[in-house]
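# Architecture at a glance
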Amino acid sequence: MKIQVKLLEREPFMLEVRPEESVAIIKEMVYQYLRIPIEEQKLIFRGRILKDNETLQCCPQIADGSKLHLIMVTKKKHPLYNKVYEILRPHFSEKETQKILCLFMRKVYDSFRQLSLDDLERIARGELSKKSVHKPEKMIIDDVDQ
């Protein structure tokens, strides 16, 4: 069957789905179409937020041509999280990506917690000194035709 998905201020688009498919699968389809991360998607039918583990059969009112409304719930993520997500997502499923990200971010935070203030100061000074050493010098270009 075909259902419409409508995002605020955008034209609705059609998805070909089977009644036994879960809302999570439909969110994956929406991700493929709009590139909106799955965890930021909420699908609503007749004022009710659909749960990821529900199938379309759980809502007998959803039929061919029904319209689901999509709202985006953005959660502020660390920029590192977002960048790693962009790198991983094309290669892994949403669930795998989230699991890898969770482990990765936990390791990053644990590593930072183990650093002392002296360690952080040493790292900062090292990076700052690299920047001052590697500043490009002004080049004087003589006119060759003189």
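Please read all numbers here as calculations on a predicted model, not as lab measurements.

The rules we used
Residues numbered from 1 in each chain as written. Predicted model: local features only at pLDDT ≥ 70, side-chain atom pairs only at ≥ 80, totals over all residues. Heavy atoms only, no water. Pairing = 2+ DSSP bridges. Helix = DSSP H or I, 4+ residues; strand = E, 2+ residues; numbered from the N terminus. Core = buried A, V, L, I, M, F, W, Y, C linked by side-chain atoms within 4.5 Å. Buried < 20%, exposed > 50% of the residue type's maximum accessible area, 1.4 Å probe, protein only. Contact = heavy atoms within 4.5 Å. Patch = residues over 30% accessible without salt bridge, like charges linked within 9 Å, V, L, I, M, F, W, Y side chains within 5 Å. Areas by Shrake-Rupley, 256 points an atom, 1.4 Å probe, with all protein chains shown as cover. Salt bridge = Lys/Arg side-chain N within 4 Å of Asp/Glu carboxyl O.

### Let's talk about the sheet that holds strand 5 (residues 67-72)
Pairing in this open sheet of 5 strands is mixed, and the strands run 2-1-5-3-4 from one edge to the other. Taken across any chain shown, the strands that pair with only one partner, and hence form the sheet edges, are strand 2 (13-16) and strand 4 (48-49).

### So, the nonpolar core
Core analysis: the largest hydrophobic core is formed by 18 residues, its most contacted members being Leu15, Leu43, Leu50 and Ile62. Breaking this core down by element, the ones donating at least two residues are strand 1 (2-7), strand 2, helix 1 (23-34), strand 3 (41-45) and strand 5. Those residues in contact with Leu43 that sit more than four places away from it in its chain are Val5, Val23, Ile26, Lys27, Arg48, Ile49, Leu50, Leu68, His69 and Leu70. Ranked by size, the runner-up nonpolar core spans 8 residues in total, among them Ile38, Leu88, Leu101 and Met105.

### Notes on the pairing of strand 3
Buried residues dominate strand 3, accounting for 4 of its 5 residues. As defined by bridge partners, strand 3 adjoins strand 5 across 4 bridges and the pair is classed as antiparallel. Across the sheet, the residue bridging to Ile44 is His69, located in strand 5. With 2 bridges connecting them, strand 3 and strand 4 associate as antiparallel partners. Bridging across to strand 4, Ile44 finds its partner in Ile49. Counted between consecutive antiparallel strands, the loop separating strand 3 from strand 4 contains 2 residues, among which Arg46 sits at a positive phi close to 50°.

### A look at a nonpolar patch on the surface
A grouping of Phe112, Leu115, Leu117, Leu120 and Ile123 is seen on the molecular surface, where their side chains present a nonpolar patch of about 490 Å² in accessible area. The topology assignment puts Leu117 in helix 4 (residues 117-133). Given a relative accessible area of 71%, Leu117 falls into the exposed group.

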